[in-house]
Structures are given as C-alpha cells and as structure tokens.
Amino acid sequence: MRMVRSLATAFFFLFISTVAVHAQIKILKGVVLDKQSDEPIPFALALFKVSGKGVLTDSLGKFSFVLRDWPAGDTLEISSVGYKILSIPFTAIKDTVFLSIYIEVLPPQYEAVVKVKYNRALWFWKKIISNKEKNDKHRFENYGYEVYNKLEVDLNNIRKEKLAHNALLKPLNFILDYTDTTSEKVPFLPVYLTETLSDFYYQRQPYRTREVIKATITNGIENESLIKQLGATYQNVNVYENTIPVFDKSFISPLSNNADNFYNFKLLDTQYLNNKRLVHLKFTPKHIGGNLFDGDCWVNDTSYAIQKITLRPAIDANINFVSGLTVIQEFKLINDSTWFLYKDKFVADISPIGKSRLGMKGRKTATYKNVMVNSSYITQELDKSKPSEDVLVLPKAQSLPDSFWVRNRHEPLNKDEQTVYIILDTLEKNPAYLRYRNTINFLASGTKDIGNFRIGPWYYWVSGNAWEGTRMRFDLATNKGFSNHLYLHGYLAYGFKDQQFKGKAEMKYLFKKQPWSYLLLSYKNDLDNGQVYYDQLGSDNLFALFFRKPNVPYKYQRVNEKKFEYFSETNKSISFGVSLSSKQYNPLLNLPGKELFPAPGGESLNNFETGLRIRYAYQERLIEDNFNRSSFGSVYPIVELRYARGWKGVFNSSYVYHKVDLTVSDYVKLPPFGSIYYNFFAGKISGALPYPLLDILPGNDWYYYSKYSFNLMTRFEYLSDRYAGFNIEHNVGTGLFKYIPFTRKWKFRQFWEAKGIIGDLSDANKQLNQVGANSFKSLNGKLYMEVGTGVDNIFKLFRIDFIWRVLPRPLPSALQEKFGVFFGFRVSL
C-alpha cells in the first residue's frame, strides 16, 4: 500500500511538472504568401534576427516555431529569393499566435551578366529543354481528367469613406460592410465568382478533344457559348510550349526552345519534397520592352520535369491596364516518373485609372483530379463526339444544389469566396443595382431587353446625311425569352428632308446550335448606307456625322431587297449557305440614273440572284448572342468560296451573269515580332452589267480607319469585273518604341500595313457604265496599292494611321488623294 501511495505521489509531481513546462511553451505558426497572387511561397526563411532562430516554410508556405518564451524585443524577418525582405517587430500576448504574412516581389533589375566558359544554370536549362518531350503531357496518345475551374473578381483599393458619400452609390452602401480591411493587403471587396466542374478528354492523333461540363455556377451568365469558354478547352496554358498566351498577347516562354536568346538563367538552391530533389532556377529577361517573363521554377533533378513554375510579365511588357499579373502552375507525380499538371493559377490586377485607384483583381484557379493517360476509356468518350473540338453543357449543370458542390469541389471556398455568393444574392434583389447594371449594359452594347423583346442599338436612333437630312430609326427584335428558335427583327426609319419612310423586316429560324443551322427570310427597303464591312462607318450611324472627308461628293442609292437564305454547318468545320435574292436599285444622288441602263424585256437595275457559299474554318472559336454569332478567329487559315448566278425574267429581272469570289485569311502570332493579319482574295464576274452589280472596290469616305477598305479610295471610285488583291497588317508590338523611354513608358505600339488590288473591266462594261465619262474609273489591269504605318495604343485607346497611295502611277495631284491621316478607336489589353 505504501508503495502504491509513493508511486501515485511521484506520478502526481511528474504530471504537475509536465503541465508547468507545457504551460510555458509558446507556439508561433504562420503562412507566407505572395502579396499579388496570394500564392503560398515554399522554402522561404522565417528568422528571429536577435536570437538567430529560424525555419523554412514547407511546400505550402507554412512555418511554425515552438518556444519556451516569446523573444522580447526581437524582430521576425521573412525572406525569399526574388522578394523584398519583410521585418516584423514581434510582440505577443497569447501563448499561440498565427500570422498570415504577405511579401512583395522585388522590382526587376537588369543585372550585368558576366560571361563564363561554363554556365551551370544554362547547362541545367538545356537539360530541361532536351527532356521537354518526355515531360510534356502532349506526349501521351491520350489523356483525361476532371477539372475544377474557379474565377473570382474583386474590387481593389476600396476607400469606404469616399464611396460612402457618393450620391450614385449611396443605395449600395451596404455592400461596403463586406470590404476586407483586416489583412495586410489593400482593402478589397469580392464581387463575382463562377465555378465549373467538367470532364476533359484529349487525343493527339488525330487531334480530338471533348469536354463535358457537369456543373456550373455562373451568377447571371446564361449564354451557353460563354459558359463553354469558362471550361478547360479554351482556358489552358502549357508552360512547355514555346509561347504562353497572356490575354491576347503571346509571351515567349522561359522553356521555349530558343529561350536562351531572351532570358538569363540563375541557379539558386535545392530542396527536397517527398524524397524528390528539386532545383530552384530563376529566369530574367535579357532585353527591355519585350513580352517576356520574370520568375522562377522548381525542377526535379532526375527527370528535369517542372514541379512548380511562377511567371510574371516583365515590368516593361506591353500590356494595358495591368498593374500586376502572375501565372502559376504546379505538377504532381501520378506514378513513379510522370509529373502531371495538378494546379493552374492566373491572377491579374486590372487598374484602368491608376494603380492606387479603384481597380479589379481577377483570380482564375484550375485544379485537376482523376488523371488518366493512354486509356481506352478516353477513346470511348471521344468517340461520342463528332466535331474535333466538342464542348457539351449537361442539361442540369446550372441547377445543381449546394450539397453537390460541397461534395465535389476540389477545394472548399474560403471566407472571401463565400462572401461573393452572399453579396450577389443580395444585389439581385436590389432595385438600384439592377437599374445601374442595366444602364451600363445598354450603353455598352447599344441594346436593351424589355421582357421578351429587344430595342436598339441606340446609336442608330438619330443620324443624318445629305439626302435624308435628320434621320430617325428605331429597331425592335425578339430575344431568347420569346423563343429559342424563332427570331424576329425589324426597324423603321424616317428622313425629315426626303420625307420618306424606310425599313427592314426579317425572320430567322434557328434549327440547331450544334452544328449551327438556320433559315432566314428578309425584306429591306432603305438607302445603301455604304457599310460593306463591319468595321466601316456607315452613314446610318450617329458617329458618322463628325468624321466624313471634305470635298467628297455624297453618293446615294436606294435598295429594295427580298432575300431567302439557308445556312448549315457540319461537324467537320465546313459550312454551306444557299440564297435567293431579288434586288432593285434606284440611284438618288451623284450616280448614273436608271434611264442610262435600258433593259428590254425587263426592269432596269433589277436583278434576281441565286448564291452558294462554302466556308472552311478549322477550330474556329465562336460566341453566340441572341441568334447571331461572332468569330474569335482560328489558329488556322479560314477559306471562303462564293458563287452567284443572275437570272433574267424572274420578278422582272434583267441580267444574266456569273460571279466567283475566293478569300483566304488568317491572324498569325509571331512572338517576339508581334502578329500578322493577312487576307488574299480574287474574283471574276462574267456578263455586261450596270455598276451596282459589278465589284465596287471598297473605299472609305470617312477619316475613321477601315481595316478592310482602301482608305485613300472613295466609294464608287473604281469598278471591276475581275480582280485579285491582298491586305496585310503587321502589328509589331513595341517595335522601335521600346528603345525610347517615353514611348516605352506609355506603351505605344508600332505597325505597318499594305493593301493592293489588281482590277480590270471588260470593254462591254466600260462602255455600258461610261467609265471615264463620269466619276467611275477602271484600274485597267494595273496594281492599286496603299502602304501605311502609325502609332497604336495611344492613351491605351486610340490609333493613328499615316497612309500613302503609291500605285498606280502617275499619282493624283491632290494631296488628299495620295496621303491621309486616319484614326481609330479600340480598347485592348
């Protein structure tokens, strides 16, 4: 009994002493994060300067200290290669402290590079390049995975005290209560979030992809074509490729085959992760003003595969409105030797009115799970799709409950992301917010939906010209609320000078979206406003009142057109269109009248035409909006062939002819030399025809630059019935401007352009149209050519073109006809 009592007493004192010791232990935990991207910084050093105690962060940026006492009067110093050292005077009153520490990237420095006979960093980079094919995921015959995409938008630099007194924002002041002002970063307000979960499959030969979007939360985006852009098919960066897309620019990758011409490399240190030795490699641009990156990567020293890479555009890269940007990719082993993409992060700070002013931060994160490679299951899934690139949105993808997302998100939402849903739910019930949102959409797009109908564009409401005087026009159309298949549109216009009504009515029935097919019926009776291409400024536009060239005669004709068209697309990137149209032309001002073109047995200037067009656009990206589509282009040339035949005696038509037209166009990125757009075209018309049925070479009567027209040529100046031409524009990027501090700072961009056409007119058509006796001309088989250069991205909005007419010789005597200055407007990053 005594022994038991003694043991109990000893255990009691041991327990008390242990508790006393543990009561004195102090625990400091923390995470080190990049201030711009919120990305954890691995292997950073956390060091108490006085005591000398220090630890490295782990691969997730976390660290911890276990101390007997808090180090009084000490300073915690955080350092990592490429970052500013952060010193934190340390005081603590609790036994356990957790810190979230944000550190900033050092500004890039162009260091002097000492040439040595043996550069170990360059040797190591060459090893990475020689093993690229072994580590690039495209080496597999096929692969597939589940991908979770998340896109968040925050408002940055929120100044609550200023916004709270803004009269326009006063009804929305409650939102400011959600502003995060507790962290070390600038105050921000999370305002938007989308999530997408999909299965993605890829095959190398023949190239095929299939994406099935299983679930999506889009918060107001109902356009299915936009939802498809949020998936994995189009949001995909491969750091092993020679170029990396950043918005609409192409940057040279530090893993490009010739990156040693553009980057300096430096070995930093080595670390171990899961028993794998990783080498830390830093890269910096060799040259100023180029679209290059500054960053670093961790590389496995056995396979030379990337484990993690961080890319930041060089400080003088030519990107608009972006004050900070980071691209991060992480890779994990899916077997003993294969590193596969695990996480992809893109963070951009958009500052349209200044870095310290109100701006936006966009965060896109993609994570990948359930990776399969060289699997027959992937082949089976791909066989379900007919197009080479197929993106499907499952029917219930937008209506899944919260419980589904809780189970299937690859990572839980943080506090800020949860706040977004609270804010959006509240705003959708707020009348002031809805009013502001609808007003902004109306001003930007020009149209407004009212129930099942759409009005606008507003910029057509009031315009004017020499024939009509002041012109009023009102458009009314149906939207998807009216029908998912039937589209009705029409407008009514009135000129106060000619006191005539004009208008248009059309009906489109959309049979299918995939592949796209529709039937169109239309009737139009209006002035020919001169808009042949979408970027041209027609007379039926508010802005046309201000930019017309002086001393150019006004030329007007009225067109009465009835049209039938059927269009169908195939799953092989080929589309077909057939059409029937009946047109009657009525010259009004400064054009030869109908009486000069007698047509026995028919009506003058009346034609009936059947047409066929065939278009090939491989892997073209398209955006749909209310029964219409806009092209984002393709990485491959787009080819279009058109054929038309005129028939006599149909609806009193008077002309028989054949027309053939072929165009080939492409937009090619050539980093570091910018991008080139080219368009080659040729055509022929057989038959003796009046001028409206011939090819009227596209001229420009305005000082607003037209990419697809000859800007020093006026409309109706040249006629042709056989022609061949080209249109080339090379956007160099910074070009010579990168060597001038002022132009480099203001991000001016350089370009050159050349447009030419060889045209001719048969003797019969010259005689019929009295070429030479009136304002019409023929090139007579000679080359017409314009060349130009200019400055783009002026104040990030404007472009100025200086254009010279160089052929044919002799040149016109009037300066206006052989040299011109034109301007353009566009918003780009």
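Residues numbered from 1 in each chain as written. Predicted model: local features only at pLDDT ≥ 70, side-chain atom pairs only at ≥ 80, totals over all residues. Heavy atoms only, no water.

Things to note about the pairing of strand E35 (residues 675-686)
Counted only if it meets this: Pairs of strands are assigned from DSSP output, requiring at least two bridges between the strands. In this text, helices come from DSSP runs of H or I with a minimum length of four residues, and strands from runs of E with a minimum of two, each type numbered from the N-terminal end.
Of the pairings in the sheet, the one linking strand E34 (residues 654-669) to E35 comprises twelve bridges and is antiparallel in character. Residue pairing across strands places Tyr-667 opposite Tyr-677, the latter belonging to E35. Hairpin connection of E34 to E35: five residues between the antiparallel strands, including Gly-674 at a positive phi of 80 degrees.

A few points about the pattern of salt bridges
As a reminder of what qualifies: Any Lys or Arg side-chain nitrogen located within 4 Å of an Asp or Glu carboxyl oxygen qualifies as a salt bridge. Think of it in three bands: with a 1.4 Å probe and only protein chains considered, a residue is buried below 20% of the maximum accessible area for its type, exposed above 50%, and partly exposed in between.
The final tally for this structure, using the stated rule, is 47 salt bridges. Salt-bridge contacts for Asp-248 lead to Lys-249; the nearest nitrogen and oxygen are separated by 2.8 Å. Look at Asp-248 and you get partly exposed, because its relative accessible area is 39%. Between Asp-701 and Arg-548 there is a salt bridge; the shortest N-O distance is 3.6 Å. Residue Asp-701 is located in the loop between strand E36 (695-696) and strand E37 (719-720), and its partner Arg-548 is located in the loop between strand E27 (516-527) and strand E28 (556-569); the two are separated by 153 residues in the primary sequence. This pair shows no difference in class: Asp-701 is buried, exactly as Arg-548 is.

What about the sheet that holds strand E6 (residues 86-89)?
Our working rule: Axis definition: a line fit to C-alpha positions, over the contact stretch in the case of helices; interaxial angles, taken between N-to-C directions, run 0 to 180 degrees.
One open sheet holds the four strands; their spatial order is E3-E2-E5-E6, and the pairing between them is antiparallel. Of all strands in the sheet, those bounded by a partner on one side alone are strand E3 (54-56) and E6. Direction aside, the axes of adjacent strands within the sheet are offset by 15 degrees on average. By the bridge criterion, three bridges tie strand E2 (residues 45-48) to E3 in an arrangement that is antiparallel. If you follow Leu-47 over to E3, its bridge partner there is Gly-54.

Digging into the environment of Leu-476
Position of Leu-476 among the secondary structure elements: in strand E24 (residues 469-478). Accessibility expressed as a relative area gives 40% for Leu-476, which makes it partly exposed. Each C-alpha atom, one on Leu-476 and one on Phe-453, is 7.0 Å from the other, the two residues being 23 residues apart in sequence.

A word on a nonpolar patch on the surface
Short version of the rule: Like-charged residues within 9 Å of one another, or nonpolar side chains (Val, Leu, Ile, Met, Phe, Trp, Tyr) within 5 Å, are grouped into patches, provided each residue has over 30% relative accessible area and no salt bridge. Where accessible areas are quoted, they stem from the Shrake-Rupley method and a 1.4 Å probe; at the residue level, only the protein chains shown are allowed to cover.
A cluster of nonpolar side chains, Tyr-509, Phe-511, Tyr-566, Val-578, Leu-612, Tyr-616, Val-639, Leu-641, Tyr-643, Val-660 and Leu-662, forms an exposed patch at the surface whose accessible area comes to about 860 Å². Elements that contribute at least two residues to the nonpolar patch include exactly strand E26 (500-513), strand E30 (606-616), strand E33 (638-648) and E34. Top element by residues in the nonpolar patch is E33. It accounts for three residues. Tracing the chain through its elements places Val-639 in strand E33.

What about the confidence of the model for the protein?
For clarity, the cut-off: pLDDT expresses how confident the predictor is about each individual residue, on a scale running from 0 to 100. In this description, contact between two residues means that some pair of their heavy atoms is separated by no more than 4.5 Å.
Taken residue by residue, the protein gives an average pLDDT of 86. The fraction at 70 or more is 88%. Here residues 1-22 is modelled with pLDDT under 50, and outside its nearest four sequence neighbours on either side it reaches one contact, counting other chains as well.

Examining the nonpolar core
Most often, soluble globular proteins keep nonpolar side chains buried together rather than apart. The condition that has to hold: Throughout this description, the term nonpolar core refers to a set of buried Ala, Val, Leu, Ile, Met, Phe, Trp, Tyr and Cys residues connected via side-chain atoms within 4.5 Å.
With 50 residues, the main nonpolar core has Val-239, Tyr-263, Phe-265, Phe-283, Phe-293, Ile-306 and Leu-311 as its most contacted residues. The biggest single contributor to this core is strand E18 (residues 339-350), with six residues. With residues up to four places along the chain from it excluded, the contact list for Val-239 reads Ile-244, Ser-253, Leu-255, Ile-309, Leu-311, Gln-329 and Phe-331.

A few points about the sheet that holds strand E4 (residues 62-67)
Strand order in this open sheet of three strands is E4-E1-E7, and the pairing throughout is mixed. Strand pairing shows two members of the sheet lacking a second neighbour, E4 and strand E7 (96-103), which therefore form its edges. The sheet shows a mean angle of 20 degrees between the axes of neighbouring strands, direction not considered. Sheet topology places strand E1 (residues 26-34) next to E7; eight bridges connect them, and they run parallel. When the sheet's bridge partners are listed, Gly-30 is paired in E7 with Leu-99.

Looking at the environment of Lys-137
Considering the arrangement of structural elements, one finds Lys-137 in the loop between helix H3 (132-135) and strand E8 (142-156). Through-space distance from the C-alpha of Lys-137 to that of Thr-338 is 9.2 Å; in sequence the pair is 201 residues apart. In this view, Lys-137 contacts Tyr-143, Tyr-145, Asn-236, Phe-340 and Leu-341; residues no more than four positions away in its chain are not counted.

Description of helix H8 (residues 415-427)
For clarity, the cut-off: Multiply 1.5 Å by the residue count of a helix minus one, and that product is the helix's expected span. Polar contact is defined as a pair of N or O atoms within 3.5 Å, subject to the rule that within protein one atom must be able to donate a hydrogen and the other to accept it, and that residues adjacent in sequence are counted only when both atoms are side-chain atoms.
Its 13 residues give H8 an end-to-end C-alpha distance of 19 Å, which sits within 8% of 18 Å, the value for a rise of 1.5 Å per residue. The distance from a side-chain oxygen at the start of H8 to the backbone nitrogen of Glu-417 is 2.8 Å, and the residue carrying that oxygen is Asn-414.

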